[in-house]
Amino acid sequence: MNMHFEGSSNVTLLFDFWDVRGPAGMVLSVFVVLLLTVLYELLKVWKITVGIGKQKHSRVAHPSSPPVSFSPEQSCFAPVMKCRGGSSALASSPSEISLSPTETDTTAKKSWLLHCLQTAIHILQVTLGYMLMLCVMSYNVWIFLGVIMGSALGYFLAFPLLNHN
């Protein structure tokens, strides 16, 4: 195997059945590699979009509120401290119902499903990335240019989609 780039139209890519012999096969192979690279860029954006949706989803489930500060003047710890208000600590405490978790089962399930979707997208992205790397390692100039052009085209098409979400 040559360890330098060459412009031949004869190359085997990834598998034995993807054996390119001739200019027409090379044009088709460069087009397929270009489309796979565009798909790789779209997967990157999709994974980011799912992550943003996951963050928005968790903010809705757990709205941010200012932290509660406790000082001896404001709180009643009857067994430990003297209560200045004169009322029972249990009478002024929230009910047990309001202390239950605010996140429902459906919210947790949706968050888990989003995480599983993001993991599946990541697996596809890594697999496709390694396959494209192996295509480049065929040291064929035309395949290399197909990967570069596909990356540029995929970035050009996919990343403006992030601004619409």
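As recorded in an unreviewed UniProt entry, the protein goes by the name Copper transport protein, listed as coming from Phoxinus phoxinus. In UniProt, the protein has this text filed under Sequence similarities (unreviewed entry): "Belongs to the copper transporter (Ctr) (TC 1.A.56) family. SLC31A subfamily."

1. As for the overall build of the protein
A count of helices and strands for the protein gives four helices and two strands. Secondary structure elements of the protein, listed N to C terminal, follow the sequence β-β-α-α-α-α. Counting only residues that meet the buried cut, the protein has 21% of its 165 residues in that class. Excluding contacts between residues fewer than 6 apart, the proportion of contacts in the protein whose partners are at least 24 apart in sequence is 76%. Carbon and sulfur atoms provide 68% of the accessible area of the protein, an area that totals close to 11900 Å².

2. Remarks on the UniProt feature "transmembrane region" (unreviewed entry) in the protein
Mapped onto this structure's residue numbering, the UniProt feature "transmembrane region" (unreviewed entry) falls at residues 20–40 and 139–162. Each end of residues 20–40 is marked by a C-alpha atom, and these two atoms are 23 Å apart; helix forms 86% of the span and strand 10%.

3. Digging into the pattern of salt bridges
Enumeration according to the criterion identifies two salt bridges in this entry. A salt bridge links Asp 19 to Arg 21; the shortest N-O distance between them is 3.0 Å. For Arg 21, a relative accessible area of 52% gives the class exposed. A salt bridge links Lys 44 to Glu 41; its shortest N-O distance comes to 3.2 Å. With Lys 44 and Glu 41 both in helix H1 (residues 23–61) and three residues apart, the pair spans about one turn of that helix. Taking relative accessible area as the criterion, Glu 41 reaches 5% and is therefore assigned buried.

4. Notes on the nonpolar core
Core analysis: the largest hydrophobic core is formed by 15 residues, its most contacted members being Met 26, Val 33 and Ile 143. With five residues, the top contributor of residues to this core is H1. Beyond its immediate chain neighbours, meaning those up to four positions away, Val 33 contacts Trp 18, Leu 132, Cys 135, Ile 143, Gly 146 and Val 147.

5. Section: the environment of Leu 36
Relative to the assigned elements, Leu 36 resides in helix H1. When the C-alpha atoms of Leu 36 and Met 131 are compared, they prove to be 9.3 Å apart, with 95 residues separating the residues in sequence.

Parameters at a glance
- Residues numbered from 1 in each chain as written.
- Predicted model: local features only at pLDDT ≥ 70, side-chain atom pairs only at ≥ 80, totals over all residues.
- Heavy atoms only, no water.
- UniProt positions renumbered as here; feature names shortened; annotations may be inferred.
- Helix = DSSP H or I, 4+ residues; strand = E, 2+ residues; numbered from the N terminus.
- Buried < 20%, exposed > 50% of the residue type's maximum accessible area, 1.4 Å probe, protein only.
- Contact = heavy atoms within 4.5 Å.
- Areas by Shrake-Rupley, 256 points an atom, 1.4 Å probe, with all protein chains shown as cover.
- Salt bridge = Lys/Arg side-chain N within 4 Å of Asp/Glu carboxyl O.
- Core = buried A, V, L, I, M, F, W, Y, C linked by side-chain atoms within 4.5 Å.

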